[in-house]
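Analysis of the macromolecular model
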Amino acid sequence: MDINPHTHFLHLHNFTYFSFFSEAHHSDHVATTIVETLAITAVFLISVAANVGAAALVTWERRLLANKTVLTLNLFVADLLFVSMIPLIVAVRWTVTWTLGYTACHIVLYVICVSGCVTITTLASISVERVQAILRLQAVPTLNPRMVTAALFFIWAFSALASIPLSVFFTVMEVDLPEQERLHICTLKWPDKTAEIVWDVSFTALCFLLPGFIIIASYSKILQIAKRSRLRLQFRDSQSPAGDPLEYHVSRQDMKLFRTLLVIVLSFLIMWSPIFIITFLILARNFLGHLDVSSTMFFWVMTFTMANSALNPILYSVCQFKSGWRRFCCGSVVAPLRKGPCGSSRTQGIHP
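First, a word on what this report is: a plain description of the structure on this page. All of these numbers come straight from a predicted model, not from anything done at the bench.

Moving on, we come to the nonpolar core. Where a protein is soluble and globular, its nonpolar side chains tend to be buried together. Core analysis: the biggest nonpolar cluster contains 73 residues, and F21, F298, M302 and M306 have the highest contact counts within it. Top element by residues in this core is helix 4 (residues 101-135). It accounts for 17 residues. Not counting residues up to four positions away in its chain, the partners in contact with F21 are I89, V92, R93, V108, L109, F298 and M302.

Below, the structure is given as structure tokens:
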């Protein structure tokens, strides 16, 4: 079978290798690459500004270091790590051939995979922490250094170990394309197809489906507690001076954070699903041989996924610190706010 000069699957020794970010030259290469560069650079700049600003705002507004604060900061760190690979991706889109060396080839997709796994695992950890805090009647649990350190170590160690195959099996290969010079590509070279299938399925289950299930279970529990609390309060004729403890199971602040995190989780699942889908399409291409998955398609899916790193801090900041952002940007006193789209129903006054 002849290899089309525009194909992005390179056949070597009866096996198909996907070229990922390397793009075979075509007539409108420069114009296409300019559009790609502008799009992914905008994602990079917005993401860096939003994550740094959100991290500063979280630290500023919540001087009492709490479990959820530290875990939230971990989200911003993971997002920054994720988009840190964008300059390398842009370089490959322009050079076409891989000129960044073996080390960069080993780390690009590895870092992207680790940061994504850290993000959803952190979201799952936050959901579990919120359930525990509500059940213990702690609206703002103070920092337990050992617990948080252990949680962060587990999150990063688990993500790093689960993603190791992407570091080990990504390598630079030299290939020939019809009517073109020799081309170096950074591609995934598994020892056998079975290992690739096992890892793809296992990683998706452990780093995407399992955390998603934990998040759904935790938030369902919070909703159940809130519903029971409201029902009990409706049938109580009077309250003790200290108040009914059930009233504080899900406080207004807890529900506000719950809605914020729910929006972030939904955005993550929506924006990360395409990258898992295209990964399985690439895997299926090795067996079926007729699926058309190009490097350009992979690039735009990756850009869409990376945009989640810019969206996360924006959603969190707008929902949690709407007035704080106004003060941060304008340096002025903010009038009380009405109920916003993210579930904040209390008025907020900002004082110098």
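Still more ground to cover, so stick around.
Considered for burial, the residues of helix 3 (residues 86-95) that qualify are I86, I89, V90, V92 and R93. Buried residues of helix 3, viewed axially, fall in a sector of 160 degrees; they line one side. Downstream of helix 3 by a residue or two, V96 has a phi angle that is positive, lying close to 70 degrees.

Interhelical geometry of helix 4 versus helix 5 (residues 145-162) gives an angle of 140 degrees and a closest axis separation of 8 Å. As summarised for this structure, helix 4 and helix 5 are arranged oblique, according to the angle between their axes. Helix 4 and helix 5 meet at a crossing whose hand is right-handed. Between helix 4 and helix 5, the contacting residues are Y110, V114, C117, V118, T121, T122 and S125 on the first element and I155, W156, F158, S159 and A160 on the second. Grouping the amino acids of the contact of helix 4 with helix 5 by side-chain chemistry returns eight nonpolar, four polar and no charged.

A separate point is unusual backbone geometry. At F20, a residue that is not glycine, the phi angle is positive and equals roughly 55 degrees. Among the structural elements, F20 can be located in the loop between strand 2 (15-18) and helix 1 (29-61). You can call F20 buried: its relative accessible area is 9%. The phi dihedral of V96 is positive, around 70 degrees, even though this residue is not glycine. For V96, the position within the fold is in the loop between helix 3 and helix 4. Residue classification places V96 among the buried positions, given a relative accessible area of 2%.

With that out of the way, let us pick up the layout of surface pockets. For the largest pocket, the calculated volume is near 330 Å³. If you list the elements that add at least two residues to the lining of the largest pocket, you get helix 2 (67-83), helix 4, helix 5 and helix 7 (193-234). The element that contributes the greatest number of residues to the lining of the largest pocket is helix 4, accounting for six residues. Classifying every residue of the lining of the largest pocket by side-chain character gives 12 nonpolar, four polar and one charged.

The next point concerns empty space enclosed by the protein. In the structure shown here, the tally under the stated rule is six cavities of 30 Å³ or more. By volume, the largest cavity amounts to about 480 Å³. If you trace the largest cavity, you find 32 residues lining it, with L109, L166, W199, D200 and T279 closest to the centre. Of all the secondary structure elements, the ones that give two or more residues to the lining of the largest cavity are strand 2, helix 4, strand 4 (182-188), helix 7, helix 8 (252-288) and helix 9 (295-320).

Glancing now at the state of the cysteines. Inspection of every chain in the model, using the stated rule, returns one disulfide. Shown here is the disulfide that connects C105 with C186, its sulfur atoms set 2.0 Å apart. Here C105 and C186 share a disulfide; its torsion about the S-S bond, 90 degrees, makes the bridge right-handed. You can see C105 sitting in helix 4 and its partner C186 sitting in strand 4, a full 81 residues away along the chain. Since its relative accessible area comes to 1%, C105 is described here as buried. C186 gets classed as buried once you look at its relative accessible area, which sits at 6%. Residue C113 stays outside any disulfide, its sulfur separated by 6.7 Å from that of C207, the closest cysteine. Since its relative accessible area comes to 9%, C113 is described here as buried.

As a further point, take a nonpolar patch on the surface. On the surface, a nonpolar cluster with roughly 420 Å² of combined accessible area is contributed by V128, L206, L210, F213 and I214. At four residues, helix 7 tops the list of elements feeding residues into the nonpolar patch. Inspection of the secondary structure puts L210 in helix 7. Given the relative accessible area of 41%, L210 is considered partly exposed.

This part is about the pattern of salt bridges. In total, this model carries two salt bridges according to the counting rule given. For E36, the salt bridge is made with R93, and the minimal N-O distance between the two is 2.8 Å. Residue E36 is located in helix 1, and its partner R93 is located in helix 3; the two are separated by 57 residues in the primary sequence. The exposure class of E36 is buried, given its relative accessible area of 2%. One salt bridge connects E129 with R130, and the closest N-O pair in it is separated by 2.9 Å. The residues E129 and R130 share a single accessibility class, namely buried.

Thresholds, definitions, all that
- Residues numbered from 1 in each chain as written.
- Predicted model: local features only at pLDDT ≥ 70, side-chain atom pairs only at ≥ 80, totals over all residues.
- Heavy atoms only, no water.
- Core = buried A, V, L, I, M, F, W, Y, C linked by side-chain atoms within 4.5 Å.
- Buried < 20%, exposed > 50% of the residue type's maximum accessible area, 1.4 Å probe, protein only.
- Helix = DSSP H or I, 4+ residues; strand = E, 2+ residues; numbered from the N terminus.
- Contact = heavy atoms within 4.5 Å.
- Arc of directions from axis to C-beta.
- Axes fitted to C-alpha atoms, helices over the stretch in contact; angles between N-to-C directions.
- Parallel < 35°, antiparallel > 145°, perpendicular 65-115°, else oblique.
- Left-handed = near helix turned anticlockwise from the far one by under 90°.
- Nonpolar A, V, L, I, M, F, W, Y, C, P; charged D, E, K, R; others polar.
- 1 Å grid on protein atoms, 1.4 Å probe; cavity = no way out; pocket = protein on both sides within 12 Å on 5 of 7 lines; lining within 4 Å.
- Points joined across faces, edges and corners; volume = space filled by probe spheres on them.
- Disulfide = S-S within 2.5 Å.
- Patch = residues over 30% accessible without salt bridge, like charges linked within 9 Å, V, L, I, M, F, W, Y side chains within 5 Å.
- Areas by Shrake-Rupley, 256 points an atom, 1.4 Å probe, with all protein chains shown as cover.
- Salt bridge = Lys/Arg side-chain N within 4 Å of Asp/Glu carboxyl O.

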